[in-house]
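Listed below are the residues making up each chain.
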Amino acid sequence: MAAAGVIQTSDSPWVSPAVLVRKEDGSLQFCVDYRRLNAVTTKGSYLLLRLDDAIDSVSVSNWFCGLDLCSGYCPATFERLMEKILHAVPASACVVYLDNILVHAASFATTLTNLCLVFQQIAKANLRLTLAKCSLFRHQTSFLGQVVSEKGVSTDPTKVEAVEQWSVLTSTAEVHSFQDLASYYWHFIAGFVDIARPLHKLSEKAQQFQWSPSSQDAFDQLCRALITAPVLALPDPSKPFILDTDASNDSGGVVLSQMGDHVERAVAQGYWGRPTSTLDWCEDNYVVSFYIAEFWNTVSNLIMILPPIYGAIQTMKDGLEVRYVFAFLGLAAVGIGSWCFHMTLQYEMQLLDELPMIYSCCVFVYCLYECFRQENTVHYFPIVVLLIFSVVVTVVYLQWKEPVFHQVMYGILVGCLVLRSIFIVTWVYPWLRPLSYTSLSVFMIGFLLWNIDNHLCDTLRGTRKRLPPVVGAVTQLHAWWHILTGLGSYLHILFSLQTRSTYLKHRPKVKFLCGVWPVIRVESQKTT
Ligand SMILES: CCCCCCCC/C=C\CCCCCCCC(=O)N[C@@H](CO)[C@H](O)/C=C/CCCCCCCCCCCCC
Ligand SMILES: [Ca+2]
Ligand SMILES: [Zn+2]
């Protein structure tokens, strides 16, 4: 080394031992142990680039070259050196973070030009690159522990693969190292702070290490989120930004997004993208499944779909009036619309849920107010009134998009049904009281839960986090509203059908399928 002019004799009062260290690739590296010198050296300080800013600067690029320098030690000194060397290269061409250098551009030709420029500067400074660790002209590369591509930024699978093997954390030190990994990727995980809270508590100094069901739940949720983390779009400064904000008594949230390729892409956390509906219920989105926004609110609609379809088929088989087939199918249509709405939280699907609620309720009103008419007669006046009502509600709601308007209109129709039912069981058929009042009570309990879910959502969410996941599922009150309103509506159709069949002297009877599920049986009206 002396002959090569790399080292020279010195008579300095300072001396540091030299050692040869074997590197991973088997080669030897000459190192000097400067620990004692470092101990008495005043450290230089230099502001490092923010990680987010470093990633943001590659937002409109499609080509990436990752360069790795042979050696880089003291962060401040090294960063200062790198920025000095590459100061002539703009961030839109090359981002430097310690010994990570990312040359990038939107086109191949520009990438080549940028790369030549960076190579020249590195050569001028007499620095060396480790060829094996450089990746040239890629559409996707690993940078600062994240995978950067033309689509955006995602977690580095090699960094999170260890997560799949982890089943439980056994010490505060393990919690710390898991937290370090997870918090590095916090912006890929919706509600990170809330989910990680039990682990954070566990790692507090004064706390004795005790692994509880809530720690396990937080750990499982974070592992799941890390493994299935989405690709976040990189910001394009030339396009407008959309800022969505939300706040409650104990937390706040923001989502920054942009329109891209005709769809709003950004921090969408699930298959159907950012919710566009005017309502988003208390159940947390995309927690149970990546494909279903509100899982429990979706599957609970089955009760509004299957029994009414069975009811419609049975009504046809029994040769009863077609209006009751419409009533059953109307309820099933609401159930299908509601399924689509909660699965996607898209505005169009919301209409598929809410407008059929109005239409089917109009059919119910017609059935109940026309139940004391001659068989096979149709009165057009109530049909026209209800049609006009439906059209007006539809047109106004499409323009106004105010959910309260829809709720009031639906409430008016339910009110008409309640009043008519009370009239029937008070003045005409008092023996139908049990069925009518059961239907009303079930519906009203559902409505009560609907209100609690809306008004006490923050409290419910907070409580759920402290309970095992199975409790979280059964405390989804909007799902219970579906179950109870579905059952209440079904019983209401039975009540309406029984009233009508009694009036027509078809001798209806309530039977229980499998001993539990109520159906109406009448003497078959089909003529052979
Ligand atoms: C005497 C019997 C009463 C039973 C009446 C049954 C009427 C059923 C009519 C249609 C079936 C619809 C089933 C409802 C499905 C709900 C789907 C749903 O959750 N949709 C939401 C979107 O997810 C939608 O935004 C929800 C709107 C809820 C509106 C709630 C307003 C309820 C108003 C009830 C007022 C009762 C007034 C009583 C007055 C005496
Ligand atoms: Ca929700
Ligand atoms: Zn619903």
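Residues numbered from 1 in each chain as written. Chains lettered and ligands numbered in written order. Predicted model: local features only at pLDDT ≥ 70, side-chain atom pairs only at ≥ 80, totals over all residues. Heavy atoms only, no water.

This chain's UniProt record puts "transmembrane region" (unreviewed entry) on residues 325-344, 356-372, 379-398, 404-428, 435-452 and 479-497. Within the segment residues 325-344, helix and strand shares are 100% and 0% respectively, and the terminal C-alpha atoms sit 29 Å apart. In residues 479-497, helix accounts for 100% and strand for 0%; the two terminal C-alpha atoms are 27 Å from one another. (UniProt positions renumbered as here; feature names shortened; annotations may be inferred. Helix = DSSP H or I, 4+ residues; strand = E, 2+ residues; numbered from the N terminus.)

This paragraph deals with the packing of aromatic side chains. Per the stated rule, a full pass over the model turns up 20 aromatic pairs. Measuring from centroid to centroid gives 6.4 Å for Tyr271 and Phe290, while their planes differ by 75°, and the two rings are edge-to-face. With a gap of 19 residues between them, Tyr271 in the loop between strand 12 (263-265) and helix 9 (295-299) and Phe290 in the loop between strand 12 and helix 9 connect regions that are remote in the sequence. When its relative accessible area of 47% is taken as the criterion, Tyr271 is described as partly exposed. The exposure class assigned to Phe290 is partly exposed, which follows from its relative accessible area of 40%. What links up through ring pairs into an aromatic cluster is the set Trp281, Phe443, Phe447, Trp450 and Trp481. Between the NZ or CZ atom of Lys401 and the centre of the ring of Tyr347, over which it lies, the distance is 5.0 Å. (Phe/Tyr/Trp six-rings, centres within 6.5 Å; stacked < 30°, edge-to-face > 60°. Buried < 20%, exposed > 50% of the residue type's maximum accessible area, 1.4 Å probe, protein only. Lys NZ or Arg CZ within 6 Å of the ring centre and 35° of its normal.)

The protein atoms donating to the calcium ion (ligand 2) are Asp280 (OD), Trp281 (O), Glu283 (O), Asn285 (OD1) and Glu294 (OE), with metal-donor distances spanning 2.3 to 2.4 Å. We note that the donor set of the calcium ion (ligand 2) lies within a single chain, spaced as D-W-x1-E-x1-N-x8-E. For the residue pair Trp281 and Glu283, the accessibility class agrees, reading buried in each case. (Donors = N, O, S within 2.8 Å, 3.2 Å for Na, K, Ca; no water.)

This part takes up the UniProt feature "binding site: Ca(2+)" (unreviewed entry) in the chain. When the UniProt feature table is mapped onto this chain numbering, "binding site: Ca(2+)" (unreviewed entry) sits at Asp280, Trp281, Glu283, Asn285 and Glu294. Structurally, Asp280 is set in the loop between strand 12 and helix 9. Apart from residues no more than four positions distant in its own chain, Asp280 is found in contact with Pro275, Asn285, Glu294 and Leu345. At a separation of 3.0 Å, a polar atom in the side chain of Asp280 contacts the side chain of Asn285. Looking at the secondary structure, you find Asn285 in the loop between strand 12 and helix 9. The residues touching Asn285, leaving out its near neighbours within four places in the chain, are Pro275, Asp280, Ala293, Glu294 and Leu345. (Contact = heavy atoms within 4.5 Å. Polar contact = N/O pair within 3.5 Å; in protein donor to acceptor, adjacent residues only side chain to side chain.)

With respect to spatial proximity, 31 residues lie near ligand 1, and among them His342, Asp353, Glu354, Trp481 and Ser489 are the closest. At a separation of 3.3 Å, an oxygen atom of ligand 1 approaches a polar side-chain atom of His478. Residue Trp481 places a side-chain N or O atom 2.8 Å away from an oxygen atom belonging to ligand 1. Expressed as a share of its isolated accessible area of 1,000 Å², the protein-covered part of ligand 1 is 91%. Elements with a contribution of two residues or more to the shell around ligand 1: helix 11 (322-344), helix 12 (347-369), helix 14 (403-428), helix 15 (433-455) and helix 18 (477-503). (Near = heavy atom within 4 Å. Areas by Shrake-Rupley, 256 points an atom, 1.4 Å probe, with all protein chains shown as cover.)

It is at 8 Å that the axes of helix 10 (residues 302-317) and helix 11 come closest, and there the two elements cross at 160°. With respect to helix 11, the axis of helix 10 lies roughly antiparallel. Once helix 10 is placed against helix 11, the crossing between them reads as left-handed. Of helix 11, the residues touching helix 10 (which contributes Leu302, Met304, Ile305, Pro308, Ile309, Gly311, Ala312, Thr315 and Met316) are Tyr324, Val325, Phe328, Leu329, Leu331, Ala332, Val334, Gly335, Ile336 and Trp339. A per-class count over the contact of helix 10 with helix 11 returns 16 nonpolar, three polar and no charged. (Axes fitted to C-alpha atoms, helices over the stretch in contact; angles between N-to-C directions. Parallel < 35°, antiparallel > 145°, perpendicular 65-115°, else oblique. Left-handed = near helix turned anticlockwise from the far one by under 90°. Nonpolar A, V, L, I, M, F, W, Y, C, P; charged D, E, K, R; others polar.)

A few words on the sheet that holds strand 7 (residues 140-143). Here we have three strands laid out as an open sheet, ordered 7-8-9, and antiparallel in their pairing. Of all strands in the sheet, those with a lone pairing partner are strand 7 and strand 9 (152-155), marking the two edges. Strand-to-strand twist in this sheet, taken as the mean axis angle between neighbours without regard to direction, amounts to 30°. (Pairing = 2+ DSSP bridges.)

Coordination of the zinc ion (ligand 3) by the protein involves His342 (NE2), His478 (NE2) and His482 (NE2), with metal-donor separations of 2.1 Å. We classify His478 as buried; its relative accessible area is 4%.

What follows concerns the pattern of salt bridges. Under the criterion given, the structure shown has five salt bridges. Here Asp33 ties to Arg35 by a salt bridge, and the two come within 2.8 Å at their closest N and O atoms. According to the relative accessible area criterion, Arg35 is exposed, its value standing at 63%. Here the residues in one salt-bridge network are Glu321, Arg323 and Arg500, joined through shared partners. (Salt bridge = Lys/Arg side-chain N within 4 Å of Asp/Glu carboxyl O.)

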